[in-house]
Amino acid sequence: MTVADNLKKIFEELPEEVRLIAISKTKSTDQVMQVYNAGHLVFGESKAQELLPKYEALPKDIRWHMVGHLQSNKVKYIAPFVELIHSIDSLKLLRIVNKEARKNARTIQCLLQIHIAEEESKYGLQFEEACEILESESFRNMGNVEICGLMGMATLTDNTDQVKSEFRQLKQYFDTIREKYFPRKASFKEISMGMSGDYRLAIEEGSTMVRIGSAIFGERDH
Ligand SMILES: *Cc1c(COP(=O)(O)O)cnc(C)c1O
């Protein structure tokens, strides 16, 4: 199977309204080009220091998403071009994204990353912390970021009931936050959930964006 075959197979399963972010972390620019040449233009990376060189080396019609933990001091490297940051996990980070977006005279679209997994190690906000950010004076004064939805990662487990219930929880958080803070904002519409191992479950639970790496590119070397 080539990456083009993998991509085709995934697209056959995706409902039309669910967007695919091809996660190219650890993969070479040649491998990205194979997917690009198959007609896909939306890619995601989990580290700013991998994203920047790929942006510089690859065609400029690629749209780049940041999906991994973002350190405050790295925001400036991706602020000029990043299309969507999925991984806002603190007010401090959001403030810096706003500042760097303003320097670049643009608005950066962002998702709040919510912790839904059982594992302690994964990044993300508690639901209450997300609400605190959205209620803060500081957030209300930000003119250069737009919160477009939520992102979450489920526990890495074979227990599909657990994974489904974590995704369902994220969808409920999304509905609550939309009603409370974005009732008239059509731009608050994204639920980024689902990876290679669990995207079918995520779609059943209402995902609008799946972030798929190894099912397209093959397993990563660890
Ligand atoms: C690596 C990664 C993915 C993709 O993982 P796969 O299991 O390879 O599909 C999705 N989201 C984030 C945040 C990641 O770091």
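Residues numbered from 1 in each chain as written. Predicted model: local features only at pLDDT ≥ 70, side-chain atom pairs only at ≥ 80, totals over all residues. Heavy atoms only, no water.

Trainee: Please explain the site of the ligand as it appears in this structure.
Mentor: Surrounding the ligand, one finds I23, K25, S46, V67, M153, M195, S196, R211, I212, G213, S214 and R220. Here an oxygen atom of the ligand sits 2.6 Å away from a polar atom, N or O, in the side chain of K25. In the model, an oxygen atom of the ligand is placed 2.8 Å from a nitrogen or oxygen of the G213 main chain. Partitioning the shell around the ligand into residue classes produces five nonpolar, four polar and three charged. (Near = heavy atom within 4 Å. Polar contact = N/O pair within 3.5 Å; in protein donor to acceptor, adjacent residues only side chain to side chain. Nonpolar A, V, L, I, M, F, W, Y, C, P; charged D, E, K, R; others polar.)

Trainee: I keep staring at helix 1 (residues 3–13) and nothing clicks. Help me out?
Mentor: Because each turn of an α-helix spans 3.6 residues, side chains separated by three or four positions in sequence point in the same direction. Where helix 1 is concerned, the buried positions are V3, N6, L7 and I10. Buried residues of helix 1, seen end-on, are gathered within an arc of 100° and therefore sit on one face of the element. For helix 1, the exposed residues lying more than 90 degrees away from the buried face are K8 and E12. Tucked into the core, helix 1 has its buried residues touching strand 1 (19–23), helix 2 (29–37), helix 9 (199–204), strand 8 (209–212) and helix 10 (214–217). (Buried < 20%, exposed > 50% of the residue type's maximum accessible area, 1.4 Å probe, protein only. Helix = DSSP H or I, 4+ residues; strand = E, 2+ residues; numbered from the N terminus. Arc of directions from axis to C-beta. Contact = heavy atoms within 4.5 Å.)

Trainee: Looking at this structure, how should I read the environment of T29?
Mentor: Here T29 lies in helix 2. Residues T29 and M153 lie 124 residues apart in sequence; the distance between their C-alpha atoms is 26 Å. Once residues within four sequence positions are removed from consideration, T29 is found in contact with K54, A57 and L58.

Trainee: What is the right way to look at the pairing of strand 2 (residues 42–45) in this model?
Mentor: Two faces belong to every sheet, and in a regular strand the side chains alternate between them. Of the two faces of strand 2, the one carrying V42 and G44 and the one carrying F43 and E45 are both buried. As defined by bridge partners, strand 1 adjoins strand 2 across two bridges and the pair is classed as parallel. When the bridges of strand 2 are listed, I23 appears paired with G44. Tracing the backbone out of strand 1, into helix 2 and back to the parallel element strand 2 gives a crossover that is right-handed. Across four bridges, strand 2 lies against strand 3 (residues 63–66) in parallel orientation. By the bridge assignment for strand 3, V42 is matched with R63. Between strand 2 and its parallel partner strand 3, the chain crosses via helix 3 (residues 48–57), and the hand of that crossover is right-handed. (Pairing = 2+ DSSP bridges. Right-handed = clockwise from strand over helix to strand, strands pointing away.)

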